[in-house]
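Inside the fold
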Amino acid sequence: MLDDHLGSPVTRRRLRAGPTAPHLDAFADWLHASGHRAITISSSLRSLARWSDWLRGACLGAEDFVRGLAAYRAHLERRKQLRYADGSLDSAILAGSVFVRFLREQGVVPTPPTPSALDAYPLLAEFGAWIVRNRGVAQSTVGQYGRTVAELIESLGEDPAQYSAQSLRGFVLDRARGHGLSLAMCVAGAVRAFLRFLVATKRCDAGMAHAIPDFAGSRRPNTPRFMEPADLERVIVACKGRDPCEVRDRAVILLLARLGLRAGDVAGLSIADIDWKRGRLSVMGKSRRQEWLPLPQAVGDAILEYLRSARPSLASTRVFTTVNAPIRPLTRAAVGHVARMALRRAGVNAPSNGAHVFRHSAATAMLRGGASLAAVGAVLRHRSPSTTAHYAKVDFALLSEIAQPWPEVSPC
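Residues numbered from 1 in each chain as written. Predicted model: local features only at pLDDT ≥ 70, side-chain atom pairs only at ≥ 80, totals over all residues. Heavy atoms only, no water.

**Concerning the sheet that holds strand β2 (residues 280-284)**
Keep this limit in mind: Being paired, for any two strands, means DSSP has found at least two bridges between them. Strands here mean DSSP runs of E at least two residues long; helices mean DSSP runs of H or I at least four residues long; both are numbered from the N terminus.
Pairing is antiparallel in the open sheet, where 3 strands are placed in the order β1-β2-β3. The open sheet is flanked by β1 (274-275) and β3 (290-294), the only strands paired with a single partner. Alignment of β1 against β2, held across 2 bridges, turns out to be antiparallel. If you follow Asp-275 over to β2, its bridge partner there is Arg-280.

Okay, structure coming up:
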């Protein structure tokens, strides 16, 4: 309740008299459940009282919270009081923004729709739902495909029956012109996925799915970017502190480094995915393929220590959460941030700063340790052996044995 989190009776009366009154008790408890400290909750409620006073003076009620927040911001802007001298935003605006976010989570205030390319055309929205349902495509990929296909529809029209192989190839070439091979392949992949959808829904001829050929070029011309074993161990050792953040980071880094999980795999890991009795964990990878991986002793111990001593109390089945308020499950981007901070903490200059360098490093270590490409592919859950074969380039000793001398040049 509000009385449990705000000691000032004067401020409590101000809040109770304003339009925010019906939601104050739940809001104060929500701040507490989100992990905010008592002093932070008290400060936020005092700042909220200033906004509530202004709403009451402007005759704005509970149905005007979103409009009232924008109006209050404009009011402070006109008076040149929107920001403090140090450049930080007025605390009443911040408190009001958190209050509106709370009301949206509770369903009191509707969440504004997020603009999406899929909303532009009914056919495009149907395509987005189809690739999620039938192909198991992630939402990030749906958005990427949607932007490309929206441009295709704008260029060629909404009637697929009018599409020709020549016009489709012309669109792909125009869209990819001036960009690198990677973007060109993404454009071609999006158009091919759209054509498969049109064929499956009988909107165009079956042969049209083959209208977009692959772009010429080596699929994986470079060696994988990985860390040497000594650097990898330095990163793991740097997360051996007792601070809750370091306890969590150690478990995250071990999952990335020992099992080669993707950032999304770690973010989506739930408590039910871990089979403690059999020493394994379930991972839902790309295309919604569920697979079981062995759980090494060190990784299991790190996760167990985090769950017992460092994980905040949160009504969520996700294993990993934020440390600071508001307490929420980690996202894929947050796992990448954990990886970057671990590298910085260890002082390791990695070839790339993110979670995926640990996946490359895990594959490289397994291969150099004598594991076969098939075994590495099984751990990394590759669908194609050619993807795993990319890591064969890191076995420089074996490559030097099979490399042929250049004609008319003495061998080294």
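**Considering the packing of aromatic side chains**
What counts is decided by this rule: Within 6.5 Å between ring centres, the rings of Phe, Tyr and Trp (the latter by its six-membered ring) count as paired, and their orientation is classed by plane angle as stacked under 30 degrees, edge-to-face over 60, tilted in between. A simple rule labels every residue: compare its accessible area, found with a 1.4 Å probe on the protein chains alone, to the largest value its type can have, and call it buried under 20%, exposed over 50%, or partly exposed in between.
Overall, the coordinates contain 14 aromatic pairs when judged by the stated rule. For the pair Trp-54 and Tyr-72, a centre-to-centre distance of 5.3 Å together with 55° between the ring planes defines the contact as tilted. Taken as a pair, Trp-54 in helix α4 (residues 38-57) and Tyr-72 in helix α5 (residues 65-78) lie far apart in primary sequence, 18 residues in all. A residue is classified by how much of its surface remains accessible, and Tyr-72, at 5% relative accessible area, is buried.

**Observations regarding the packing of α5 against helix α6 (residues 91-105)**
The axes of two packed helices give the description: the angle between them and the distance between them. What counts, and what does not: With axes taken as lines fitted to C-alpha atoms, and helix axes fitted only over the stretch in contact, angles between N-to-C directions fall between 0 and 180 degrees. Roughly parallel refers to an angle under 35 degrees, roughly antiparallel to one over 145, roughly perpendicular to one between 65 and 115, and oblique to any angle outside these ranges. Helix crossings fall into two classes, left-handed where the near helix is turned counterclockwise from the far one by less than a right angle and right-handed where it is turned clockwise. Residues count as neighbours in contact if any of their non-hydrogen atoms are within 4.5 Å of one another.
One way to put it is that α5 packs onto α6 with a least axis distance of 10 Å and a crossing angle of 170°. With respect to their mutual orientation, α5 and α6 come out roughly antiparallel. In the packing of α5 onto α6, the handedness of the crossing is left-handed. Here Phe-65, Val-66, Leu-69, Tyr-72, Arg-73 and Leu-76 of α5 come into contact with α6, specifically with Ala-92, Ile-93, Gly-96, Ser-97, Phe-99, Val-100, Leu-103 and Arg-104.

**Focus: the packing of helix α8 (residues 139-156) against helix α10 (residues 181-200)**
Put simply, α8 and α10 touch, their axes get as near as 9 Å, and they point 75° apart. Regarding the angle of α8 to α10, the classification is roughly perpendicular. For the pair α8 and α10, the contacting residues are Gln-144, Tyr-145, Thr-148, Val-149, Leu-152 and Ile-153 in the first and Cys-186, Val-187, Gly-189, Ala-190, Val-191, Ala-193 and Phe-194 in the second.

**Considerations on unusual backbone geometry**
Pro-326 follows Ala-325 through a cis peptide bond whose omega is -5°. A positive phi angle, close to 55°, is found at Lys-80, a residue other than glycine. If you trace the backbone, Lys-80 turns up in the loop between α5 and α6. Residues other than glycine seldom take positive phi values, yet Lys-202 does so here, at roughly 60°. Here Lys-202 lies in the loop between α10 and α11 (229-237).

**Describing the nonpolar core**
Counted only if it meets this: Grouping buried Ala, Val, Leu, Ile, Met, Phe, Trp, Tyr and Cys residues that are joined through side-chain atoms within 4.5 Å yields what is termed a nonpolar core.
Membership of the largest hydrophobic core comes to 43 residues, with the highest contact counts inside it found for Met-227, Val-235, Leu-255, Leu-256, Phe-320 and Phe-358. Residue contributions to this core peak at 9 residues, all from helix α12 (residues 244-259). In this structure, Phe-358 is in contact with Met-227, Leu-232, Val-235, Ile-253, Leu-256, Ala-257, Ala-339 and Leu-343, ignoring residues within four places of it in sequence.

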